Amino acid sequence: MLISMAEILKDARKGKYGVAAPNVLNLETVQAVFEAARELKAPVIIDHAGMENIEIISKITKFYEKKYPEVVVTLNLDHGGEYEEIIQAIRSGFTSVMIDRSTLPYDENVAEVKEIVKIAHAVGVSVEAELGHVGVGYEYEETRDAGLTKPDEAVRYVKETGIDCLAVAIGTSHGTYKGTPHLDFELLKELSEIIDIPLVLHGGSGTGDENLKKAVELGIQKINLFTDLSNAGVIDLVEYVTKDISKEKHIKELGEFGIKSISLPEAFKEGVKGYKRALMHYMQLFNSAGKA
Ligand SMILES: [Zn+2]
């Protein structure tokens with residue numbers, strides 16, 4: 001069942017659990033997300049970033065939605081940039097869009113987000129936006145403090161834009177952290193007390209299980225994940241392509257020229273196993289298993 005992000009996160013807020021939001025890139029990752037969600041009976045938010053594959057990701061998601069109607073899922077455009085990109089996602093059947101104007105001055109951020117909210121809500125699509133700024137891991141130590149969300153401004157922002165969920169900056173970062181992540185839990189606590197819509201945490205990867213668990217307990221309902229899932233997949237993939245086939249039991253895998261034969265479809269399959277396993281770990285950590 002493909003539903004809006006507002007609906008999925010409303011239940012998560014009420015039930016005090018977090019919903020994993022894995023970034024997907026292709027057929028294999030969308031399939032892995034559906035299988036993980038189905039096996040754990042966990043609601044899930046599919047995040048997809050970038051304009052190029054909007055149409056195809058939407059089609060693949062709809063295919064699996066039909067195949068597994070019991071899976072409760074949202075299809076969300078992650079970090080929507082260009083106006084055209086956001087409109088294309090809405091037109092292609094995304095049930096939620098993020099508009100990221102977090103690097104703009106406050107007033108411009110509000111004006112641009114408000115316009116998208118008006119369009120998206122007219123067709124039942126939810127909107128996520130970011131206030132404060134979650135930066136990138138390699139410059140974490142220099143940028144972490146400057147981007148933190150300001151509570152008073154956040155309350156005003158939610159009211160003025162009409163968004164459905166708010167991405168907050170509480171000390172996480174995108175990609176791989178340079179240095180140790182330190183989250184401002186006092187700030188999160190305050191934000192979750194004064195803001196009455198669901199809160200989103202970008203940069204879940206590398207943040208650590210304890211930190212993420214605590215963030216969910218203190219009021220985060222959506223956790224964006226990519227790097228950890230991707231890394232877990234790469235580890236499985238490397239293991240597959242480098243496994244020692246010189247031992248007798250693998251001899252049948254040697255091709256007619258006596259060299260190792262690696263199947264590309266098999267390699268994809270092996271890699272995505274790690275992606276799926278890491279996702280299932282997070283679904284359980286966020287306490288969303290059994291909630292769909
Ligand atoms: Zn992000």
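Residues numbered from 1 in each chain as written. Predicted model: local features only at pLDDT ≥ 70, side-chain atom pairs only at ≥ 80, totals over all residues. Heavy atoms only, no water.

**Regarding the overall build of the protein**
So, point 1. Counting its regular elements, the protein contains eleven helices and eight strands.
So, point 2. Computed over C-alpha atoms, the radius of gyration of the protein comes to 20 Å, within 12% of the 19 Å expected from 2.2 N^0.38 for 292 residues, which places it in the range of a compact globule.
So, point 3. Dimensions of the protein, computed from C-alpha atoms along their principal axes, come out at roughly 70 × 40 × 35 Å.
So, point 4. Out of the 292 residues belonging to the protein, those deemed buried represent 52%.
So, point 5. Residue pairs at least 24 apart in sequence account for 73% of intrachain contacts in the protein once pairs closer than 6 positions are excluded.
So, point 6. In the form shown here, the protein has an accessible surface area of approximately 13900 Å², with 55% of it arising from carbon and sulfur atoms.
So, point 7. Measuring between centres, the 33 positive side-chain charges of the protein sit 7 Å from its 46 negative side-chain charges. (Helix = DSSP H or I, 4+ residues; strand = E, 2+ residues; numbered from the N terminus. Rg over C-alpha atoms; globule rule 2.2 N^0.38 Å. Buried < 20%, exposed > 50% of the residue type's maximum accessible area, 1.4 Å probe, protein only. Contact = heavy atoms within 4.5 Å. Areas by Shrake-Rupley, 256 points an atom, 1.4 Å probe, with all protein chains shown as cover. Lys, Arg positive; Asp, Glu negative; His and termini not counted. Charge placed at Lys NZ, Arg CZ, Asp CG, Glu CD.)

**Comments concerning the sheet that holds strand β4 (residues 96-99)**
So, point 1. With respect to topology, eight strands assemble into an open sheet ordered β1-β8-β7-β6-β5-β4-β3-β2, the strand pairing being parallel. Either end of the sheet is taken by a strand with one partner, and the two such strands are β1 (19-22) and β2 (44-49). Each strand of the sheet is rotated relative to its neighbour by a mean of 25°, with strand direction disregarded.
So, point 2. For strand β3 (residues 73-80) and β4, the ladder comprises three bridges, and the chain directions are parallel. Its bridge partner being in β4, G80 is matched across the sheet by I99.
So, point 3. Helix α3 (residues 54-67) rests against β2 and β3 of the sheet, and its axis sits at about 165° to β3. (Pairing = 2+ DSSP bridges. Axes fitted to C-alpha atoms, helices over the stretch in contact; angles between N-to-C directions.)

**Topic: the packing of α3 against helix α4 (residues 83-92)**
So, point 1. Two numbers describe how α3 lies on α4: the axes approach to 9 Å, and their chain directions differ by 25°. Relative to α4, α3 is oriented roughly parallel. Handedness of the crossing formed by α3 with α4: right-handed. Contacts from I54, E55, S58 and K62 of α3 reach α4 at E85, Q88, A89 and S92.
So, point 2. Residue composition of the contact of α3 with α4, grouped by class: two nonpolar, three polar and three charged. (Parallel < 35°, antiparallel > 145°, perpendicular 65-115°, else oblique. Left-handed = near helix turned anticlockwise from the far one by under 90°. Nonpolar A, V, L, I, M, F, W, Y, C, P; charged D, E, K, R; others polar.)

**Remarks on helix α11 (residues 264-285)**
So, point 1. Spanning 22 residues, α11 covers 32 Å between terminal C-alpha atoms, matching the ideal 32 Å at 1.5 Å per step.
So, point 2. Phi turns positive, to about 65°, at N287, one or two residues after α11. (Expected span 1.5 Å × (residues − 1).)

**Here's the deal with the UniProt feature "binding site: dihydroxyacetone phosphate" (unreviewed entry) in the protein**
So, point 1. Cross-referencing UniProt, the feature "binding site: dihydroxyacetone phosphate" (unreviewed entry) maps to G175, G203, G204, S205, N224, L225, F226 and T227 in the present numbering. Judged by maximum C-alpha separation, these annotated positions cover 53 residues in sequence but sit close together in space, the widest gap being only 10.9 Å.
So, point 2. Tracing the chain through its elements places N224 in strand β8 (residues 220-225).
So, point 3. N224 gets classed as buried once you look at its relative accessible area, which sits at 5%.
So, point 4. Side-chain polar atoms of N224 contact the side chain of D47, separated by 3.2 Å.
So, point 5. Considering the arrangement of structural elements, one finds F226 in the loop between β8 and α10 (227-242). (UniProt positions renumbered as here; feature names shortened; annotations may be inferred. Polar contact = N/O pair within 3.5 Å; in protein donor to acceptor, adjacent residues only side chain to side chain.)

**Details of the coordination of the zinc ion**
So, point 1. Within the protein, the atoms that donate to the zinc ion are H79 (NE2), H174 (NE2) and H202 (ND1), at distances of 2.0 to 2.1 Å.
So, point 2. On the basis of relative accessible area, H79 is assigned to the partly exposed category, the value being 25%. (Donors = N, O, S within 2.8 Å, 3.2 Å for Na, K, Ca; no water.)

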